[in-house]
Amino acid sequence: MTAIPVSLGPRRYDVRIQPGLLDHVGGLTRAVAAARSAFIVTDSHVGPLYASRVRASLLSAGYEVSLAGFPAGEPHKTLATLGALFDQVFAASPPPDRDSVVVALGGGVTGDLAGLLAATLLRGVRFVQVPTTLLADVDSSVGGKTGVDHPAGKNLIGAFHQPVGVFIDPGTLATLPSVELASGLAECVKHAVIRDAELLDWIETHAPALQAGDPACLGELIARNVRIKAAVVAADERESGERAHLNFGHTIGHAIEAVAGFQADPAHSLRHGHCVALGMAAANAIAVARGQLPHADAARVEALLARLDLPTRYANLDPGQLLPIMRRDKKARAGKLRFVLPVRLGTVEVVDDVTDAEVVAALDYLARPTT
């Protein structure tokens, strides 16, 4: 078993990675959360696949187990869904107490919802993350960000609430649709650009194996990315400085997601990773136009994103829609847009002097055909 610490003093926890870990969630949870009751939060896709295994493991560890479910998909990451989860938890037998533990079983949407449920249930109970998507494995399950979306923008309502453990079973990726795998790979490219140029080399070399779902390659990819995320979170838990680097691609990406991503029909939705890929291409275009990033580096990142079946172009983005959303984004400060821009592969900086004209030019860039 690989164990990667997230070093946060009294809130420290381990990210554990091992094939077959779903069947050991109960014992691992018992080691970090002595409690009577456990509440599994999962969605309508993941629940039928894996909830029975996790429930059996929790029961064998001595927990009384209840299940709280919700419809799958980003459109359901709302206050209304959170309210429905509270209704299910309070109707359970036994009812929750402050020693109860919430088990987030699913992707990033599930982790965000379950984490916010845990942060606010009885003013805060412990929770563990059991991610089942690549994006959740390498990014959203680590770091304690929880939240729901609002019509004004993505993740505008939430809290920092660290899990007491993250338990990753790479075997769950075998049931992950290719479009969701690609979405997670976008966050891996992001980590490489902001922190580890050698990881970019590695992803380029292993792209075919990753897309084919090779277990060994995916296991190494998860571990390398979790180490990056854990180090950044340990250095800056509340995003007052260095952790903002993780927002590379997210300023424009979140705005695109707000206007084009949350479709009722999942087949036509842009996944979070797709929007981040577009945001990275746009941020790189701004950096190139400013003369701080070589064009060849930006082209290399775009070529890799395209190889991973991620978009780097998107037409008909209206600056009049996106700019107000970007100004309401939680990353904005005093109405100024904050961008993470690369200065070279593996190193980025946070700037707050990007102009509206530069954003419009970046959106125009996304609308151009690739050459």
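Up top is the structure.
Okay, so let's go over this structure.

Here is what the cut-offs are and how they apply
- Residues numbered from 1 in each chain as written.
- Predicted model: local features only at pLDDT ≥ 70, side-chain atom pairs only at ≥ 80, totals over all residues.
- Heavy atoms only, no water.
- Helix = DSSP H or I, 4+ residues; strand = E, 2+ residues; numbered from the N terminus.
- Buried < 20%, exposed > 50% of the residue type's maximum accessible area, 1.4 Å probe, protein only.
- Expected span 1.5 Å × (residues − 1).
- Arc of directions from axis to C-beta.
- Contact = heavy atoms within 4.5 Å.
- Core = buried A, V, L, I, M, F, W, Y, C linked by side-chain atoms within 4.5 Å.
- Phe/Tyr/Trp six-rings, centres within 6.5 Å; stacked < 30°, edge-to-face > 60°.
- Lys NZ or Arg CZ within 6 Å of the ring centre and 35° of its normal.

Along the chain, Ser-93 connects to Pro-94 via a cis peptide bond; the corresponding omega equals 5°. In this fold, Pro-94 is placed in the loop between helix H3 (79-90) and strand S5 (101-106). At Leu-122, a residue that is not glycine, the phi angle is positive and equals roughly 55°. Relative to the assigned elements, Leu-122 resides in the loop between helix H4 (108-120) and strand S6 (126-131). Judged by relative accessible area, which is 29%, Leu-122 ranks as partly exposed. In this structure, Glu-239 is a non-glycine residue whose phi angle is positive, near 60°. With respect to the helices and strands, the residue Glu-239 is situated in the loop between helix H8 (215-235) and helix H9 (250-261).

Right, let's get into helix H11 (residues 295-307). An α-helix turns once every 3.6 residues. As a result, residues three or four positions apart point the same way. Given a rise of 1.5 Å per residue, 13 residues ought to cover 18 Å, and the 18 Å separating the end C-alpha atoms of H11 matches this to within 8%. Buried within H11 we find Asp-297, Ala-298, Val-301, Glu-302, Leu-304 and Leu-305. For H11, the angular spread of the buried residues around the axis is 160°, confining them to a single face. Residues of H11 that are exposed and angled more than 90 degrees away from the buried face: His-295 and Ala-296. Buried-residue contacts for H11 involve helix H6 (178-195), helix H7 (197-211), helix H10 (272-289), strand S10 (339-344) and helix H13 (356-367). The positive-phi residue at the C-terminal boundary of H11 is Asp-309, with phi of around 65°.

The subject of this paragraph is the side chain of Thr-251. As for its position among the elements, Thr-251 is in helix H9. With a relative accessible area of 6%, Thr-251 lands in the buried category.

The next thing to look at is the nonpolar core. Judged by nonpolar contacts, the single largest core of 81 residues is most densely connected at Val-15, Ile-256 and Phe-339. The dominant element in this core, judged by the number of residues it contributes, is H10, at 11 residues.

With that settled, consider the packing of aromatic side chains. The tally for this structure, following the rule as stated, stands at one aromatic pair. Its guanidinium or amino end placed over the ring of Tyr-365, Arg-313 lies 4.3 Å from that ring's centre, counting from NZ or CZ.

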